[in-house]
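# A closer look at the structure
The primary structure of each chain is shown beneath.
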Amino acid sequence: MFNKILIANRGEVALRIMRACKELGVHTVAVYSTEDADTYPVQYADERVCIGPAQATKSYLVMANIIQAALNTGAEAIHPGYGFLAENADFARTCAENDLVFIGPSADCIDRMGDKSSARETMRMVGVPTVPGSDGCIDTVEEAQRFAERVGYPVLIKATAGGGGKGMREVHDPEDLESAYRAARAEAGAAFGNDEVYLEKLVLRPRHVEIQVLADNFGNRIALCERDCSVQRRHQKLIEEAPSPALNDQLRRQMGVAAVKAMRAVDYRNAGTVEFLLAPDGHFYFMEMNTRVQVEHPVTEMITGTDIIKEQLRIASGEPMSCARRAPFTPSGHAIEMRINAEDPEHGFRPCPGTITRFQVPSGPGVRLETYIHEGSRISPYYDSLVAKLIVHGQDRDEAIARARRALDEFEIEGIATTIPFHKRVLENELFCAGDVTTDFIETQMGDLL
């Protein structure tokens, strides 16, 4: 195991990693911007290094500053968390060039799976189901039109780099294709520095189901059950649960086998997530692979008893993962995660930075809260709006929903608007309670919030 690692991130994920390190006896180094100097994760770490001003482009995205901080403090490895440089192959390579372990997959894996067009082709070649799509990137409007006419509308335009819904457009009418194509390329170029896009046949009213995977250097590859992430807005997940209400044991095994096959195809090591679209007819299709730990990893931890961050550290340090001895996994109970964002759901989910004047957290059986804030914390406008993750676990889905309602009633945040009222509405919705949620849930059930 490592003696010391640097966490190249901030907020709740930085604190989550530090806590796992403390339990393993690993010393931690926090890097921070001037904006984050007084935040709890920075104070919690064993050592801390300022790497720049508030803007992420001048701090958390500056590879040279992070590498130098690691070298100056004697860190052996860097954990990127999620976001920022977590899926940056150049950063993984730069770590290796400086004899630092990147706690994640190889740069080659990040490259292969980060380009969504080539990733889809790789999956198709090894027999993982894929949505019918273009052969590589689409360079002109005319090519896009020919593809759409061949497979039929609706189609989905997707950026080949990045994620989070950026560079993605649905097209239901041929007259909208040209404008959507140009808008997707422009957004992708601005967000990722790569404006290439490809097209897929749009699967109507799917569920978004993803499989958590782990692989080490000893030939162990496991699928840690699935998560359902269908409650989302503009392709940004808001609520995740595990296991998926839509899967039976047979479908769970099939998707798990497909996810392990995907790992094997690219010789994947460490933690990752293979994401699928599940169509109403029960067929599932590879969507993408996230080559990092996910925001929603706690729901998988709750139903499998696995600490995914610790497993990442074990794998990266050259040890076998401990959970391989317990595979295959059967879900134990049901878990739901609600992302509490500093956003105003009554006004189009607009960001709501500010100072927390009251922070009363829920507790009790089956309640887990991951956050870095406290009363008096300032929510910065410079970074992601996520302020907390509320995770609940019950013996079954009904108990998990009841526990989530109770925990949300106990959760009080004042000084800023948050998405707590939104989550309360979701948990009272008949379709959600019935487990019958597809990715258009917010549009069809809560259109007044958009």
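Read on for an overview of the structure. Owing to the predicted nature of the structure, the values given are computational and were not obtained by experimental measurement. (Residues numbered from 1 in each chain as written. Predicted model: local features only at pLDDT ≥ 70, side-chain atom pairs only at ≥ 80, totals over all residues. Heavy atoms only, no water.)

## Topic: the pattern of salt bridges
Counted under the stated rule, the structure contains 40 salt bridges. The salt bridge partner of Glu301 is Arg16, with a shortest N-O separation of 2.7 Å. Here Glu301, found in helix 10 (residues 297–304), pairs with Arg16, found in helix 1 (residues 11–24); they are 285 residues apart in sequence, far enough to count as distant. Across the pair, exposure class does not vary: Glu301 and Arg16 are buried alike. In this structure, the salt-bridge partner of Arg93 is Asp90, at a minimum N-O distance of 3.3 Å. With Arg93 and Asp90 both in helix 4 (residues 89–97) and three residues apart, the pair spans about one turn of that helix. Arg93 sits in the partly exposed class, given a relative accessible area of 32%. We classify Asp90 as partly exposed; its relative accessible area is 46%. Several salt bridges share partner residues, and in doing so they unite Glu12, Arg16, Glu301, Asp307, Arg368, Glu370 and Lys389 into one network. (Salt bridge = Lys/Arg side-chain N within 4 Å of Asp/Glu carboxyl O. Helix = DSSP H or I, 4+ residues; strand = E, 2+ residues; numbered from the N terminus. Buried < 20%, exposed > 50% of the residue type's maximum accessible area, 1.4 Å probe, protein only.)

## Observations regarding the sheet that holds strand 8 (residues 197–201)
On the basis of which strands lie adjacent, the open sheet formed by three strands has the order 7-6-8 and antiparallel pairing. One side of each edge strand has no neighbouring strand; the edge strands of this open sheet are strand 7 (168–171) and strand 8. Neighbour-to-neighbour, the strand axes of this sheet turn through a mean angle of 20°, independent of strand direction. Bridge count between strand 6 (residues 155–159) and strand 7: four bridges; the pairing is antiparallel. Across the sheet, residue Ile157 finds its bridge partner in strand 7, namely Arg169. Where helix 7 (residues 141–151) meets the sheet, it contacts strand 6 and strand 8, and its direction lies at approximately 10° from that of strand 8. (Pairing = 2+ DSSP bridges. Axes fitted to C-alpha atoms, helices over the stretch in contact; angles between N-to-C directions. Contact = heavy atoms within 4.5 Å.)

## Focus on the sheet that holds strand 21 (residues 386–394)
Taken in spatial order, the eight strands of this open sheet run 13-12-9-10-11-14-21-19, and their pairing is antiparallel. Only two strands of the sheet have a single neighbouring strand rather than two, namely strand 13 (284–290) and strand 19 (367–371). Ignoring which end each strand starts from, the neighbouring axes of this sheet average 25° apart. In the sheet, strand 14 (residues 334–341) pairs with strand 21 via eight bridges, with the strands oriented antiparallel. Bridge assignment links Ala335 to a residue of strand 21, and that residue is His393.

## Quick notes on the nonpolar core
If you look at the biggest cluster of nonpolar residues, it comprises 36 residues, and the most contacted ones within it are Phe2, Ile5, Ile17, Ile103, Leu214 and Ile222. Those elements that place two or more of their residues in this core are strand 1 (4–7), helix 1, strand 10 (221–233), helix 10, helix 11 (308–316) and strand 21. Here the element with the most residues in this core is helix 1; it accounts for six residues. Discounting residues that sit within four places of it in the chain, Ile17 has contacts with Ile5, Ile7, His79, Gly81 and Ile309. Within the second largest apolar cluster, 35 residues are counted, among which are Val231, Ile356, Val367 and Val387. (Core = buried A, V, L, I, M, F, W, Y, C linked by side-chain atoms within 4.5 Å.)

## Remarks on the environment of Arg48
Among the secondary structure elements, Arg48 is positioned in strand 3 (residues 47–52). Arg48 gets classed as partly exposed once you look at its relative accessible area, which sits at 36%. Separated by 60 residues in sequence, Arg48 and Asp108 have C-alpha atoms that sit 30 Å apart. Residue contacts for Arg48: discarding those within four places in its chain leaves Ala30, Tyr32, Val42 and Gln43. At a separation of 3.4 Å, a polar atom in the side chain of Arg48 contacts the main-chain carbonyl oxygen of Gln43. (Polar contact = N/O pair within 3.5 Å; in protein donor to acceptor, adjacent residues only side chain to side chain.)

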